[in-house]
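For reference, the chains in residue letters:
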Amino acid sequence: MIRAGIDVADGATLEADAVVVGSGPMGIVVALELAEKGHRVLLVESGGLKFERAAQDLARHSGNDVWHVPADLAVRRQIGGTSATWGGRCVPFDPIDFEPRPAVPDALWPVRYEEMARYLDRACAWSRCGKPVFSALELPELAGRSMIPGFPDGDVLTTSLERWSLPTRFGRVYRKRIEQSPQVDLVAGLTCTHIACDPATGEVDHLVLRSLRGPRATARGRFYVLATGGLEATRLLMASNDVHADGIGNGSGHLGRWYMAHVEARVANVHLTTPPESTVHDHELDADGVYVRRRFTFSPELQRRKGLPNVAIWFVNPDMGDPAHGSGILSGVYLTLVSPAGRFMLAEAIRQARTKTPGPVRKRDHVRNIVRDLGPAARFALDFSYRRFLKPGRKAPGFFVRSAVNIYPLDYHGEHRPNPDSRVVLTAERDALGVPRIKTELKFSDEDVASVEQAMRELDGAVRGAGVGHLEFLFDDIATGVRECLRESSGFHQTGTTRMAASAADGVVDANLAVFDTDNLFVASTSTFPTSSQANPTLTGIAFAVRLAEHLNGRLRGPAGPATRERLPGVGRA
Ligand SMILES: Cc1cc2nc3c(=O)[nH]c(=O)nc-3n(C[C@H](O)[C@H](O)[C@H](O)COP(=O)(O)OP(=O)(O)OC[C@H]3O[C@@H](n4cnc5c(N)ncnc54)[C@H](O)[C@@H]3O)c2cc1C
């Protein structure tokens, strides 16, 4: 059932077996998995069915560093959470991400890759991104083609795949299931403003819930799950500091630290000498009709040998805003995106990133491109509009224009090294419900920046070695180029600030996502990840959400009592 917080009587106590706060992908998955196992779930959501400015403002940051986008672009306060605006790219973390490595010192996962991978089929099902197969070699319909002919997998691979969801807006896709579930009580428009702990035991006693329109309520359950998104879970733990003076789970000072995003940069073009029509540059469809895409990735052996962070690199379109590309299709898309209609076509964060270009809009040159290319541009507009906006169900995730001269810009998407000084902090400013706002202090190290050039030079060596082309660097000083690209590029993937660890000395939550100071509070968020991978984090986050539901199911079926952290599956260093 779904109901509005305004209908909850002032002073009411809402009770369930488990109280899940936040109805983004993680919250919805935990709630429905538990409900389907017969447990009563209270799902508390700050926003409503649609975007509301007042609810969104509760997430506003007090300030950001130069790398971080404002909260308005990074998160959504509404049913379905940020999946209302996400791109929908689904990629699991790799086995190497779970290994202790010199590239990411001080970051040890207390869970093995194999343990997470057990839940990938469920995570793919929830995300609606097809089957959990992420190598073109394992899909007969793709295995016969190469991304670049004559460039076999070696130190550099071209067969690793990303999958694309519908894109799955969890609020919309799972609304009916929530409405029809007698086990789930989703209350929208109620914000958790405080986690109240028992001073005697340190355990969570109840949650304080408040509506922007007045009513207050209390939530009680046997277990509590924070699924409020990476930074908001961190904020709630930090701000609930009456019993645990430094914030809940912050006994060893890790809460809010180790904030990681991804290192994202575009500093090189690849020039290929192979036949242009043979380059697999765009999305492909697998046998189930799911969009997939190949990328360059580096073998674990190369990463270990060279001390490289985990990286993925993919072909992109030329800068759309620069009409020198000569493409009527790119000019047409660019003019549409910078027009008032553009805001309705793409998530604002992605729209801004795609149209970011120095100088004013060169409208006349773009129109010239369109006129010159009128036939293909018109055909593209009709076909893509249908596949992206009108076709029922699965939508085209994007488009890539084939390069007649076989030259493609490359996007680098790499692991951000954990750094305790990269963090979020509480400030004195409070939101409309009295909760302190956060400020981001995200940091990229010189090593993070240098990794881009190192990885690109590896790719250049591999491409040259295979005799299929070379890379052209776009900046004399690549580090300066990387820093330019990094400005306001982060905040979409929020990892590290409630890091998972084997012991309380090393993190905030344990291998079962239980907050160390407590036995009944859990965090379902990508913020629990100790490293950031090359992969976008949501699919792996959902795998952990499914695993958490399985764990809570076991606890709810068992006798009430203290957790047996050391005896639970998957616990132990990778
Ligand atoms: C533009 C954009 C593109 C992205 N693209 C991708 C992508 O392609 N692939 C990928 O893997 N990831 C992507 N992401 C990231 C992805 O959206 C997040 O990782 C994912 O939504 C996190 O899910 P979540 O449930 O943890 O948090 P959220 O989706 O943020 O949901 C949190 C929920 O909690 C609610 N809430 C917050 N605080 C409270 C409170 N105090 N009380 C009650 N409710 C509260 C919020 O309203 C929200 O509904 C993208 C993000 C953005 C912004």
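Bear in mind the structure is a predicted one, so any value in this text is a computation, not a measurement.

Cut-offs applied
- Residues numbered from 1 in each chain as written.
- Predicted model: local features only at pLDDT ≥ 70, side-chain atom pairs only at ≥ 80, totals over all residues.
- Heavy atoms only, no water.
- Helix = DSSP H or I, 4+ residues; strand = E, 2+ residues; numbered from the N terminus.
- Expected span 1.5 Å × (residues − 1).
- Buried < 20%, exposed > 50% of the residue type's maximum accessible area, 1.4 Å probe, protein only.
- Patch = residues over 30% accessible without salt bridge, like charges linked within 9 Å, V, L, I, M, F, W, Y side chains within 5 Å.
- Areas by Shrake-Rupley, 256 points an atom, 1.4 Å probe, with all protein chains shown as cover.
- Salt bridge = Lys/Arg side-chain N within 4 Å of Asp/Glu carboxyl O.
- Near = heavy atom within 4 Å.
- Polar contact = N/O pair within 3.5 Å; in protein donor to acceptor, adjacent residues only side chain to side chain.
- 1 Å grid on protein atoms, 1.4 Å probe; cavity = no way out; pocket = protein on both sides within 12 Å on 5 of 7 lines; lining within 4 Å.
- Points joined across faces, edges and corners; volume = space filled by probe spheres on them.
- Nonpolar A, V, L, I, M, F, W, Y, C, P; charged D, E, K, R; others polar.
- Contact = heavy atoms within 4.5 Å.
- Phe/Tyr/Trp six-rings, centres within 6.5 Å; stacked < 30°, edge-to-face > 60°.
- Lys NZ or Arg CZ within 6 Å of the ring centre and 35° of its normal.

A. Spatial organisation of helix α15 (residues 446-465). With 20 residues, α15 ought to run about 28 Å at 1.5 Å a step, and its terminal C-alpha atoms sit 28 Å apart, in line with that. Within α15, burial applies to D448, V449, S451, V452, A455, M456, E458, L459, D460 and V463. G467 sits one or two residues past α15 and shows a positive phi near 70°.

B. Looking closely at a nonpolar patch on the surface. A cluster of nonpolar side chains, Y386, F389 and L390, forms an exposed patch at the surface whose accessible area comes to about 320 Å². Within the fold, F389 resides in helix α14 (residues 374-390).

C. How the structure looks around the site of the ligand. Surveying the vicinity of the ligand reveals 36 residues, the closest of which are E45, Q78, T82, R89 and T538. In this structure, E45 approaches the ligand through a side-chain N or O atom, which is 2.5 Å from an oxygen atom. One of the backbone N or O atoms of G88 is found 3.1 Å from an oxygen atom in the ligand. Contact with the protein chains covers 95% of the free accessible surface of the ligand, which is 1,000 Å².

D. Representation of the layout of surface pockets. Of the pockets and cavities examined, the second largest pocket occupies roughly 570 Å³. Counting residues per element, the ones that place at least two in the lining of the second largest pocket are β5 (156-164), β12 (291-298) and α10 (300-306). Residues belonging to the lining of the second largest pocket are distributed by class as follows: 16 nonpolar, eight polar and six charged.

E. How the structure looks around the environment of R343. Structurally, the position occupied by R343 is in the loop between α11 (328-338) and α12 (348-355). Separated by 106 residues in sequence, R343 and L237 have C-alpha atoms that sit 34 Å apart. Beyond its immediate sequence surroundings of up to four residues, R343 is in contact with E348 and R351.

F. Here's a closer look at empty space enclosed by the protein. Per the counting criterion, the structure on display carries one cavity of 30 Å³ or more. Roughly 30 Å³ of internal volume is contained in the largest cavity. Contributing to the lining of the largest cavity are A59, H61, A71, V75, L231, E232 and Q494. Of the residues contributing to the lining of the largest cavity, the split by class is four nonpolar, two polar and one charged.

G. Just the packing of aromatic side chains, in detail. For the structure shown, the criterion picks out 18 aromatic pairs. Seen in terms of ring centroids, F93 and W109 are 6.0 Å apart; in terms of plane orientation they differ by 75°. Their pairing is edge-to-face. Here the residue F93 occupies a position in the loop between β4 (89-90) and α4 (113-117), and W109 occupies one in the loop between β4 and α4, the gap between them amounting to 16 residues. Ring geometry for W109 and F544: centres 6.0 Å apart, planes at 25°, overall stacked. In this pair, W109 sits in the loop between β4 and α4 while F544 sits in helix α17 (residues 538-557), placing the two residues 435 residues apart along the sequence. F544 matches W109 in its accessibility class, with the two residues each being buried. Counting every residue linked through ring pairs, the aromatic cluster contains F93, F98, W109, Y113, F529 and F544. In this structure, R163 packs its charged tip against the face of F134, placed 5.8 Å from the ring centre. The ring of W258 carries R499 above its face, with NZ or CZ at 3.8 Å from the centroid.

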